[in-house]
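This is what each chain is made of:
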Amino acid sequence: VCQGCQEEAPFVDQNGRPFLEVHHLHRLSDGGPDRPENVIALCPNCHKRRHNGQDGDEFNQHLIEKAEKRNQRLQS
């Protein structure tokens, strides 16, 4: 399930697994860590929305907030 739009993965890959893309919430090139806490699974549409959409920065902030809540639940 895409963590952006909550929809099922749009297709399965060649190995029969649902396909989602990994998105770094804080870019590695800006010093963001390459750690599970800094990534979220997105469908290709949501990933393109983040990087190419007019509301990409706002959408990323929404994703960061979702990931922070997820990370807090996992640490409990």
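This text gives an overview of the structure that appears in the document. (Residues numbered from 1 in each chain as written. Predicted model: local features only at pLDDT ≥ 70, side-chain atom pairs only at ≥ 80, totals over all residues. Heavy atoms only, no water.)

**Side note on the overall build of the chain**
Then, in step 1: A tally of helices and strands in the chain yields two helices and two strands.
Then, in step 2: In sequence order, the chain lays out its α and β elements as β-β-α-α.
Then, in step 3: Radius of gyration (C-alpha) of the chain: 13 Å, near the 11 Å computed for a compact globule of 76 residues.
Then, in step 4: When its C-alpha atoms are laid out on the principal axes, the chain stretches across 35 × 30 × 20 Å.
Then, in step 5: Per-residue burial for the chain yields a buried fraction of 29% across its 76 residues.
Then, in step 6: Sequence-distant contacts in the chain: of pairs separated by 6 or more residues, those separated by 24 or more amount to 45%.
Then, in step 7: As presented, the chain carries roughly 5,600 Å² of accessible surface, and 47% of it is formed by carbon and sulfur atoms.
Then, in step 8: With 10 positive and 12 negative side-chain charges, the chain shows a spacing of 2 Å between the two charge centroids. (Helix = DSSP H or I, 4+ residues; strand = E, 2+ residues; numbered from the N terminus. Rg over C-alpha atoms; globule rule 2.2 N^0.38 Å. Buried < 20%, exposed > 50% of the residue type's maximum accessible area, 1.4 Å probe, protein only. Contact = heavy atoms within 4.5 Å. Areas by Shrake-Rupley, 256 points an atom, 1.4 Å probe, with all protein chains shown as cover. Lys, Arg positive; Asp, Glu negative; His and termini not counted. Charge placed at Lys NZ, Arg CZ, Asp CG, Glu CD.)

**Here we look at the pattern of salt bridges**
Then, in step 1: Under the definition given, this model contains five salt bridges.
Then, in step 2: For the salt bridge of D57 with R50, the shortest nitrogen-to-oxygen distance reads 3.3 Å.
Then, in step 3: Accessibility expressed as a relative area gives 58% for D57, which makes it exposed.
Then, in step 4: Residue R50 is classed as buried on the basis of its relative accessible area, which comes to 13%. (Salt bridge = Lys/Arg side-chain N within 4 Å of Asp/Glu carboxyl O.)

**Some details on helix 1 (residues 44-52)**
Then, in step 1: Three or more residues of helix 1 are buried, namely C46, H47 and R50. On an axial view of helix 1, the arc spanned by its buried residues comes to 100°, and they lie on one face. Across from the buried face of helix 1, at angles greater than 90 degrees, the exposed residues are N45, K48 and N52. (Arc of directions from axis to C-beta.)

**Overview of the environment of P18**
Then, in step 1: For P18, the location among the structural elements is in the segment before strand 1 (21-24).
Then, in step 2: Counting along the chain gives 13 residues from P18 to C5, while the straight-line C-alpha distance between them is 15 Å.
Then, in step 3: Aside from chain neighbours lying at most four places away, what touches P18 is A9, F11 and V12.

**Some remarks on the packing of aromatic side chains**
Then, in step 1: Per the counting criterion, the structure on display carries one aromatic pair.
Then, in step 2: For the ring pair F11 and F19, a centre distance of 4.9 Å and an interplane angle of 15° mean the geometry is stacked.
Then, in step 3: With relative accessibility at 27%, the residue F19 sits in the partly exposed group.
Then, in step 4: The ring centre of F59 lies 4.0 Å from the NZ or CZ of R49, which sits over that ring. (Phe/Tyr/Trp six-rings, centres within 6.5 Å; stacked < 30°, edge-to-face > 60°. Lys NZ or Arg CZ within 6 Å of the ring centre and 35° of its normal.)

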